Each structure stands twice: as structure tokens, then as C-alpha cells.
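Observations on the model geometry
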Amino acid sequence: MLSADEKEKLEHGFAEGEASLLLEGLKPTAFGQSLKERVLAGEISIDQAEAELRVHYTAAVSRIA
């Protein structure tokens, strides 16, 4: 379970990342949102979320190439 301080830091980081996407004219994907929710719920760590992102998008890119 995340402490209140850890959760606040993560929420701030996610908010900054989402703001950056919006400035680029992009929006978070449903997959990314689901990972964010799982991290904030304490179900998975940031490292696990990053690993899932790499697997998900590496597979997607390899299907295109």
C-alpha cells in the first residue's frame, strides 16, 4: 500500500506527464490510464508499469514494422 506522501508524489508526476501530453496535442491512452490507476491503487509499482508499457508498445511497433 502506498503512503499518502508517496501517492501525492505519484499523482503530481502523473499530472505533469499528462499536461506534457496535452501540450503536445496528445492525450493519455486507455492503457496508460489503466496503468496509472493500478499504480495509484498500489497494485503495481512504477517499475512494473514501465515494464508493461515497454512490452505493450514494443509489440505494437513490431506489428507495424
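Located above this text is the structure these notes cover.
Summarised in this report is the structure supplied together with it. These figures come from a predicted structure and were not determined experimentally.

**A closer look at the packing of aromatic side chains**
Describing an aromatic ring pair means giving the distance of the ring centres and the angle of the ring planes. Summed over the entire model, instances satisfying the criterion amount to 1 aromatic pair. Between Phe-31 and Tyr-57, the aromatic rings sit 6.2 Å apart at their centres with planes inclined by 80°, giving edge-to-face as the arrangement. Of this pair, Phe-31 sits in helix α2 (residues 30–40) while Tyr-57 sits in helix α3 (residues 46–64); the two residues are 26 residues apart in sequence, bridging distant segments of the chain. For Tyr-57, a relative accessible area of 34% corresponds to the partly exposed category.

**Considerations on the nonpolar core**
Counting 6 residues, the largest nonpolar core is built from Leu-10, Leu-35, Val-39, Leu-40, Ile-44 and Ala-49. Setting aside anything within four residues of it in sequence, one finds Leu-10 in contact with Leu-2, Val-39, Leu-40 and Ile-46.

**Some thoughts on the side chain of Lys-36**
With respect to the helices, strands and loops of the structure, Lys-36 is situated in helix α2. The class of Lys-36 is buried, set by a relative accessible area of 16%. Polar contacts involving the side chain of Lys-36 include one to the side chain of Glu-18, which spans 2.9 Å. When residues no more than four places from it in sequence are discounted, the contact partners of Lys-36 are Phe-14 and Glu-18.

**A short note on the pattern of salt bridges**
Applying the stated criterion across every chain, the model contains 4 salt bridges. Lys-36 is paired through a salt bridge with Glu-18; the nearest N and O atoms lie 2.9 Å apart. Of this pair, Lys-36 sits in helix α2 while Glu-18 sits in helix α1 (residues 4–23); the two residues are 18 residues apart in sequence, bridging distant segments of the chain. Arg-38 is the salt-bridge partner of Glu-52, the closest N and O atoms lying 3.0 Å from each other. With Glu-52 in helix α3 and Arg-38 in helix α2, this pair connects stretches of sequence that are 14 residues apart. Judged by relative accessible area, Arg-38 falls into the partly exposed class, the value being 28%. A single salt-bridge network, built from bridges that share partners, covers Arg-38, Glu-43 and Glu-52.

Parameters and conventions
Residues numbered from 1 in each chain as written. Predicted model: local features only at pLDDT ≥ 70, side-chain atom pairs only at ≥ 80, totals over all residues. Heavy atoms only, no water. Phe/Tyr/Trp six-rings, centres within 6.5 Å; stacked < 30°, edge-to-face > 60°. Helix = DSSP H or I, 4+ residues; strand = E, 2+ residues; numbered from the N terminus. Buried < 20%, exposed > 50% of the residue type's maximum accessible area, 1.4 Å probe, protein only. Core = buried A, V, L, I, M, F, W, Y, C linked by side-chain atoms within 4.5 Å. Contact = heavy atoms within 4.5 Å. Polar contact = N/O pair within 3.5 Å; in protein donor to acceptor, adjacent residues only side chain to side chain. Salt bridge = Lys/Arg side-chain N within 4 Å of Asp/Glu carboxyl O.

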